[in-house]
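Below are the chains, spelled out letter by letter.
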Amino acid sequence: MKKIGIVSLIVVVLFCSACGKKEQPIEPELSQMKSICELATMDCYYHNVAKYSEKDAQGILWWKKDKKFWIEYDGIVTVGVDASLVDIQVKGDKVTITMPQAEVLGCKVDEKTLTEKSFVVEKGSADVNAVDQTEAFKLAQKNIKDSALKDTALLKNAQQRAQKLLEDYVNNIGTAIEKEYQIQWKYVDKK
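This is a predicted model, so every value here is computed, not measured.

**Q** Help me out: how do you make sense of the confidence of the model for the protein in this one?
**A** Close inspection of predicted coordinates is inappropriate in any region flagged by low pLDDT. Across the protein, the average pLDDT comes to 79, with 84% of residues at or above 70. Segment residues 1-22: pLDDT under 50, and zero contacts once partners within four positions in sequence are set aside and those in other chains are kept.

**Q** Mind showing me how you'd approach unusual backbone geometry here?
**A** Apart from glycine, the bulk of residues carry a negative phi angle, and the bulk of peptide bonds sit in the trans form. Positioned with a positive phi, Glu 178 is a non-glycine residue whose angle comes to about 55°. Tracing the sequence through the fold places Glu 178 in the loop between α4 (152-176) and β7 (182-188). Judged by relative accessible area, which is 76%, Glu 178 ranks as exposed.

**Q** Even after reading the chapter, I still don't get helix α3 (residues 130-150), so can you show me in this structure?
**A** The α-helix advances 3.6 residues per turn, and as a result positions three or four apart in sequence lie on the same side. End to end, α3 covers 30 Å across 21 residues, agreeing with the expected 30 Å (1.5 Å per residue, within 8%). All of the buried residues along α3 are Asp 132, Ala 136, Ala 140, Gln 141, Ile 144 and Ala 148. A side-chain oxygen of the first residue of α3 lies 3.1 Å from the backbone nitrogen of Val 131; this N-cap is Asn 129.

**Q** What's the story with the sheet that holds strand β3 (residues 87-91) in this structure? I'm lost.
**A** Hydrogen bonds between backbone groups are what pair the strands of a sheet, and the pairing can be parallel or antiparallel. Strand order in this open sheet of three strands is β3-β4-β7, and the pairing throughout is mixed. Pairing within the sheet leaves two strands with one partner each, and these edge strands are β3 and β7. Averaged over all adjacent pairs, the angle separating strand axes in this sheet is 15°, with direction ignored. Pairing of strand β4 (residues 94-100) with β7 involves seven bridges; the strand directions are parallel. Paired with Lys 94 across the two strands is Gln 182, which belongs to β7.

What counts and what doesn't
- Residues numbered from 1 in each chain as written.
- Predicted model: local features only at pLDDT ≥ 70, side-chain atom pairs only at ≥ 80, totals over all residues.
- Heavy atoms only, no water.
- pLDDT = per-residue confidence, 0-100.
- Contact = heavy atoms within 4.5 Å.
- Helix = DSSP H or I, 4+ residues; strand = E, 2+ residues; numbered from the N terminus.
- Buried < 20%, exposed > 50% of the residue type's maximum accessible area, 1.4 Å probe, protein only.
- Expected span 1.5 Å × (residues − 1).
- Polar contact = N/O pair within 3.5 Å; in protein donor to acceptor, adjacent residues only side chain to side chain.
- Pairing = 2+ DSSP bridges.
- Axes fitted to C-alpha atoms, helices over the stretch in contact; angles between N-to-C directions.

Structure, rendered in structure tokens:
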């Protein structure tokens, strides 16, 4: 009988302590939204050719040779929204999301595509050295980034993707707590 009394007392204490807790309201969180923006980034693959040409690179007097070669490879451009610039304000049922426009977040070479066949030196060219290849490669990286920056459809797609994921996140939280949020968007320039 004592055991039943002790168990009943424990149940009553646990029930009363659970009733005394105040539940935290669920609403969209900035940290979650930043994580979503990071997930929304897109990797785009570009095929690129880095060309190098230097007039009269080798020789003497009137007998001179030009340097001409190219490097063919694939590059990966990461496009998305800078998550560090995302902000959220929640006031009642109004959610204001501030975010920057999509941009090129990074460029890198797909190293698997760099092989001996990737480097082609034109017949009759002056000798090519590592410095020349490095310069050609830097120029090619700049060209890939410039191409991606000019691709407005790609940037717009990345922007819409991040925006849609954030909107779904806010709406899912609203559904979970039976609240309909009104989302307002504010865009900022990174400058």
